[in-house]
Amino acid sequence: MYADGIAQSLVAHLLRHYDCRLEDERVSIAKDDGLRVAFDYIESRSGEEIGVARLASLAGMSEFHFLRRFKQRYGITPHAHVVNARLRLAKVDLVSSKKNILQIAMDCGFSNSSHLARAFRKAEGMTPQGYREARRV
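Here the structure is a predicted model, which is why all the values come from computation and not from measurement.

Observations concerning helix α7 (residues 128-135)
Of the residues making up α7, those classed as buried are Pro128, Tyr131 and Arg132. Viewed end-on, α7 has its buried residues packed into an arc of 100°, placing them on one side of the element. Looking at the buried positions of α7, the neighbouring elements they touch are α4 (78-96), α5 (101-107) and α6 (113-124).

Printed below as a string of structure tokens:
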């Protein structure tokens, strides 16, 4: 009887231990899913105003942990991902439309054409107008 009690205690301890590990894995997976939701949100709404508080809320994390985990998982900050997504939109518009640079900047979520030009020059090494001319050959 004493041995049965010890065996049951051991089984209960092992179940609690494994259950905690499974719960930790579920939480980790859920947080990664939250990061993916935030990543996809940026992709689908890059032309809109996107704040870290909103992204962290979507991911189910504090802003601090969200910023840290996002950078760990994707290798860039959420802000850099937003800028990259906006630049991809701008590139498509530059090649496929006749809109002026200011209109493209506003449509893609940049505050003005100078903001677009600075980001574009940093990423591509040329101005938006130069990119448009080079691609329309």
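Brief notes about the packing of aromatic side chains
Under the defined criterion, the tally for this structure stands at 5 aromatic pairs. Measuring from ring centre to ring centre gives 5.5 Å for Phe66 and Phe70, while their planes differ by 55°; the resulting arrangement is tilted. With Phe66 and Phe70 both in helix α3 (residues 63-74), this residue pair falls 4 residues apart, about one helical turn. Both residues of the pair, Phe66 and Phe70, count as buried. Taken together, the ring pairs in this structure connect Phe39, Phe66, Phe70 and Tyr74 into an aromatic cluster.

Topic: the nonpolar core
By size, the foremost hydrophobic cluster in this structure holds 14 residues, and its most contacted members are Leu35, Ile42, Ile50, Leu55, Met61, Phe66 and Phe70. For this core, the secondary-structure elements that each account for two or more residues are α1 (2-44), α2 (52-59), α3 and α4. At 5 residues, the largest contribution of residues to this core is made by α1. If sequence neighbours within four positions are ignored, Phe66 has contacts with Leu35, Ala38, Val52, Leu55, Ala56, Ala59, Met61 and Pro78. Judged by nonpolar contacts, the second largest core, of 13 residues, contains Val83, Leu87, Ala90 and Leu94.

What counts and how
Residues numbered from 1 in each chain as written. Predicted model: local features only at pLDDT ≥ 70, side-chain atom pairs only at ≥ 80, totals over all residues. Heavy atoms only, no water. Buried < 20%, exposed > 50% of the residue type's maximum accessible area, 1.4 Å probe, protein only. Helix = DSSP H or I, 4+ residues; strand = E, 2+ residues; numbered from the N terminus. Arc of directions from axis to C-beta. Contact = heavy atoms within 4.5 Å. Phe/Tyr/Trp six-rings, centres within 6.5 Å; stacked < 30°, edge-to-face > 60°. Core = buried A, V, L, I, M, F, W, Y, C linked by side-chain atoms within 4.5 Å.

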